[in-house]
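Breakdown of the fold
For reference, the chains in residue letters:
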Amino acid sequence: MVAPAIDSDTGGEPASDSQTYRRAVRDLRDGYAQRELWLSLGWQDIKQRYRRSVIGPFWITIATGVQAVAMGLLYSVLLDIDLRSFLPHVTVGLIIWNLISASILEGADVFIANEGLIKQLPSALSVHVYRLVWRQVLLLAHNLLIYLIMLAVFRPELHWTIITAVPAFFLIVVNMVWVALLFGIVATRYRDLAPILGSLVTLLFFMTPIVWTTANLQTMGGEAAQRARLVEINPLFHYLDILRAPLIGEDQQAYHWYIVLGCTAAGIALTMVAMRTFRARVPYWV
């Protein structure tokens, strides 16, 4: 008779093989190995969303561009900021924000939305998260057209630090994966989480310097300058800054990277605990 496996993750007690860190890591690895599946599904999502449309997914580019111009014009007048420097700040900030917010909002719904595939298709759970992230990267690629137009029109002074946008982008993608996994698992079990996140993301949009700048508040002095420091407690500000600053030629401070790396490590650790404990239950919860 074979004795039950002893898992060191549970303090030496017999554990189900489905509730081990080994199986959680295997799910992530197996999901990535099925990239032909999620690459195809993500691309089909884009095509299906804009089926029979003349310009297809570039509608999202037009919508983002119009929103950026409208907000840039409005808030440059309200805050008395030079439009030439402010509009690139708003435009790139809005493009990156759409990427980050989608990973939170759609991530919370990722397993519920794929209920049929989860129950019928024998694949790793992470496949659906990779599909979501890939779809958002494709939408980002379309929105980069707005960035190129902005460069041609406003000609911001870029520096060699623009190369840091590459590792910043990949770091954000890694965070999108764990955010979608973590929120997806929790929101599948507790369905109230999704609308709560929707309200929270809306609030964070106005608390993040996208349509305003911390520099402008600091120049006002007094209470305005003190309130500008409160933005530091918003982690999304730091994620936004490590990618936006090099893309528009602004100076970048190292502490933003330290905070993002710390949040990434903490988020991955928390996600692995959730994957280890609840991954096998998700097909029953959906």
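Cut-off values and rules
- Residues numbered from 1 in each chain as written.
- Predicted model: local features only at pLDDT ≥ 70, side-chain atom pairs only at ≥ 80, totals over all residues.
- Heavy atoms only, no water.
- Helix = DSSP H or I, 4+ residues; strand = E, 2+ residues; numbered from the N terminus.
- Buried < 20%, exposed > 50% of the residue type's maximum accessible area, 1.4 Å probe, protein only.
- Contact = heavy atoms within 4.5 Å.
- Areas by Shrake-Rupley, 256 points an atom, 1.4 Å probe, with all protein chains shown as cover.
- Expected span 1.5 Å × (residues − 1).
- Arc of directions from axis to C-beta.
- Salt bridge = Lys/Arg side-chain N within 4 Å of Asp/Glu carboxyl O.
- Core = buried A, V, L, I, M, F, W, Y, C linked by side-chain atoms within 4.5 Å.
- Patch = residues over 30% accessible without salt bridge, like charges linked within 9 Å, V, L, I, M, F, W, Y side chains within 5 Å.

1. Quick look at the overall build of the protein chain
- Of the regular secondary structure elements, the protein chain holds 14 helices and zero strands.
- Listing every helix and strand of the protein chain by position from the N terminus yields α-α-α-α-α-α-α-α-α-α-α-α-α-α.
- In terms of its C-alpha atoms, the protein chain occupies a principal-axis envelope of roughly 80 × 50 × 40 Å.
- Taking all 286 residues of the protein chain together, the buried fraction comes to 46%.
- Restricting the contact set of the protein chain to residue pairs at least 6 apart, pairs at least 24 apart contribute 75%.
- When the accessible surface of the protein chain is summed, it comes to about 15200 Å², and 64% of that surface belongs to carbon and sulfur atoms.

2. A few points about helix α1 (residues 21–33)
- When the terminal C-alpha atoms of α1 are compared, their 18 Å separation across 13 residues agrees well with the 18 Å that a helix rising 1.5 Å per residue should span.
- Residues Ala24, Asp27, Leu28 and Gly31 constitute the buried set of α1. Along the axis of α1, the buried residues cluster in a sector spanning 90 degrees; they form a single face. Facing away from the buried side of α1 by over 90 degrees, the exposed positions are Arg22 and Ala33.

3. Things to note about the pattern of salt bridges
- Enumeration over the complete set of coordinates arrives at five salt bridges.
- One salt bridge in this structure joins Asp45 and Arg131, with 2.7 Å as the shortest N-O distance. Taken together, the positions of Asp45 in helix α2 (residues 35–49) and Arg131 in helix α7 (residues 126–154) put the pair 86 residues apart, joining distant regions of the chain.
- When its relative accessible area of 12% is taken as the criterion, Arg131 is described as buried.
- Bridged by salt links that share partners, the residues Asp45, Glu106, Arg131 and Arg135 form one connected network.

4. Notes on the environment of Gly65
- Here Gly65 lies in helix α3 (residues 58–78).
- C-alpha of Gly65 to C-alpha of Arg189: the two residues are 124 residues apart in sequence and 37 Å apart in space.

5. Points about the nonpolar core
- Phe111, Val129, Val133, Ile172 and Leu243 are the most contacted members of the largest nonpolar core, which totals 72 residues.
- In terms of residues, this core owes the most to one element, helix α8 (residues 165–189), which gives 15 residues.
- Here Val129 is in contact with Val110, Phe111, Val177, Ala180 and Leu181, once residues within four sequence places are set aside.

6. Here we look at a nonpolar patch on the surface
- Judged by side-chain polarity, Ile55, Phe58, Trp59, Ile62, Val66, Leu145, Leu148, Ile149 and Val153 come together as a nonpolar surface patch covering roughly 820 Å² of accessible area.
- The set of elements that each furnish at least two residues to the nonpolar patch consists of α3 and α7.
- Tracing the chain through its elements places Ile55 in the loop between α2 and α3.

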